[in-house]
Amino acid sequence: MRSGFIAVIGRANAGKSTLVNVLVGEKVAIVSPKPQTTRNSIMGVLTKENYQLVFVDTPGLYKSANRLTDIMMKSTEDASKDVDFILYVHDGHGGISDTDISLMKKYVGGKIPAAIAYTKIDIMPKERIAADVKDLYENGIQADIFPVSARKGTNIKKLEKFLADCMPEGDKVISDDIISDKSEKFMIAEIMREKILLKFDDEVPHGIAIVINKFERGENGVYDINLDIVCEKANHKAILIGKGGKAIKEVSSFARESMEKFLAAKVFLTTYVRVEEDWRNKMNLIKDMVIL
């Protein structure tokens with residue numbers, strides 16, 4: 001039996017959460033095209049007969065912008081130090097910059113074994129892949145590189161087998177029936193945030209947080225969920241609510257469907273929108289949000 005922890009690290013929108021979801025076979029992290037979609041280190045567990053891979057999906061790598069991004073970066077740094085393996089995820093479609101190479105050198109080639117998942121190969125010219133791999137090696141990146149497409153499933157099984165072979169021998173570190181370390185309440189908040197990010201695109205910045213006020217299951221099996229959508233500006237609140245409340249009704253219905261699928265039960269969902277200016281720089285507010 002082989003088992004171990006794998007930190008999944010990379011720049012924003014490199015496809016880390018999508019890759020983890022595909023490897024685990026269940027949705028354990030939300031996905032959207034916006035930066036800062038993942039704010040927490042979220043554990044996803046893949047258990048097979050002869051191995052167990054525990055993926056730690058980390059926030060994307062950013063420059064410091066506020067207290068929240070500082071906390072997110074600390075989460076990534078902590079995860080990179082206390083694992084058995086580092087899987088650095090690079091968006092192949094986005095090309096390779098000097099910054100990319102610098103970040104790879106920081107996390108790949110150290111004391112912790114590492115490899116690179118070169119993602120999104122389904123939306124880029126195939127001839128670019130070999131050229132980029134050659135470029136990485138010529139710039140001193142000494143690591144196994146796996147061109148993959150999470151969306152198409154290309155080379156996913158090959159990557160999984162490689163990771164399993166790299167794990168230390170030992171007993172399972174997580175119980176067989178666990179696929180994530182996050183609670184149902186946390187995942188409900190994340191589902192709501194994902195649907196907002198997907199619906200509003202660039203209309204509302206990623207400074208959105210979800211606060212769960214009530215999460216209870218009644219005797220009839222229906223979940224009663226009451227939550228606040230927290231934004232930073234009054235005009236963002238107006239966009240989220242929409243004319244006559246149309247926008248908030250649509251996104252709440254969209255989210256409720258996914259919540260019911262996740263919980264395998266009916267959901268009665270009540271949503272409110274409130275403004276907390278500059279909450280991402282206020283530690284007392286950050287601690288109150290369901291993000292950490």
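The structure displayed is predicted, hence computed values, not measured ones. (Residues numbered from 1 in each chain as written. Predicted model: local features only at pLDDT ≥ 70, side-chain atom pairs only at ≥ 80, totals over all residues. Heavy atoms only, no water.)

### As for the side chain of serine 149
Then, number 1: The residue serine 149 is located in the loop between β6 (144-147) and α5 (156-166) in this model.
Then, number 2: Overall, the relative accessible area of 1% leaves serine 149 in the buried class.
Then, number 3: Within the structure, serine 149 has its side chain in polar contact with the side chain of aspartate 122 (distance 3.0 Å).
Then, number 4: Apart from the residues lying within four places of it in its own chain, the contact partners of serine 149 are Ile121, Asp122, Thr154 and Ile156. (Helix = DSSP H or I, 4+ residues; strand = E, 2+ residues; numbered from the N terminus. Buried < 20%, exposed > 50% of the residue type's maximum accessible area, 1.4 Å probe, protein only. Polar contact = N/O pair within 3.5 Å; in protein donor to acceptor, adjacent residues only side chain to side chain. Contact = heavy atoms within 4.5 Å.)

### What about the packing of helix α7 (residues 234-241) against helix α8 (residues 246-263)?
Then, number 1: Two elements in contact, α7 and α8, have axes separated by 5 Å at closest approach and are oriented at 65 degrees. If you check the angle between α7 and α8, you find them roughly perpendicular. From α7, Ile239, Leu240 and Ile241 reach across to α8, where they touch Lys246, Ala247 and Ile248.
Then, number 2: Its residues assigned to classes, the contact of α7 with α8 comprises five nonpolar, no polar and one charged. (Axes fitted to C-alpha atoms, helices over the stretch in contact; angles between N-to-C directions. Parallel < 35°, antiparallel > 145°, perpendicular 65-115°, else oblique. Nonpolar A, V, L, I, M, F, W, Y, C, P; charged D, E, K, R; others polar.)

### A look at the pairing of strand β8 (residues 223-231)
Then, number 1: Burial analysis of β8 places eight of its nine residues in the buried class, which makes it a mostly covered element.
Then, number 2: Two elements, strand β7 (residues 209-217) and β8, share eight bridges in a ladder whose sense is antiparallel. Counted as the bridge partner of glutamate 216 is aspartate 224 from β8.
Then, number 3: Between β7 and β8, which pair antiparallel in sequence order, lie five residues; one of them, glycine 221, sits at a positive phi of approximately 90 degrees.
Then, number 4: Both β8 and strand β9 (residues 267-275) contribute to a ladder of nine bridges, which runs parallel. Of the residues in β9, the one forming a bridge with isoleucine 225 is leucine 269. (Pairing = 2+ DSSP bridges.)

### So, helix α6 (residues 184-200)
Then, number 1: Helix length check: α6 (17 residues) gives 25 Å between terminal C-alpha atoms against 24 Å at 1.5 Å per residue, within 8%.
Then, number 2: Across the 17 residues of α6, 13 count as buried, placing the element largely inside the fold.
Then, number 3: Directly after α6, the chain includes aspartate 201, whose backbone phi takes a positive value near 50 degrees. (Expected span 1.5 Å × (residues − 1).)

### Observations concerning the environment of alanine 255
Then, number 1: Residue position: alanine 255 is located in helix α8.
Then, number 2: For alanine 255, a relative accessible area of 0% translates into the label buried.
Then, number 3: Separated by 64 residues in sequence, alanine 255 and isoleucine 191 place their C-alpha atoms 6.4 Å apart.
Then, number 4: Those residues in contact with alanine 255 that sit more than four places away from it in its chain are Ile191, Met192 and Lys195.

### Here's the deal with helix α1 (residues 16-24)
Then, number 1: Summarising burial for α1: seven of the nine residues are buried, a large majority.
Then, number 2: Among all positions of α1, only Lys16, Ser17, Leu19, Val20, Asn21, Leu23 and Val24 are buried.
Then, number 3: Glycine 25 lies just past α1 and shows a positive phi near 90 degrees.

### Describing the confidence of the model for the protein
Then, number 1: With 81% of its residues at a pLDDT of at least 70, the protein reaches an overall mean of 83.
Then, number 2: Within the protein, helix α2 (residues 67-81) has the poorest average pLDDT of any element, 58, and α5 the best, 96.
Then, number 3: In this model residues 32-39 is a low-confidence stretch, pLDDT under 50, and it forms 47 contacts with partners more than four residues away in sequence or in other chains. (pLDDT = per-residue confidence, 0-100.)

### Concerning the sheet that holds β7
Then, number 1: The mixed open sheet is built from three strands, whose spatial order is β7-β8-β9. Single-partner strands in this sheet number two, and they are β7 and β9. Each strand axis lies, on average, 15 degrees off the axis of its neighbour in the sheet, ignoring direction.
Then, number 2: Each of β7, β8 and β9 is contacted by α6, which is oriented at about 130 degrees to β7, the strand it contacts most.

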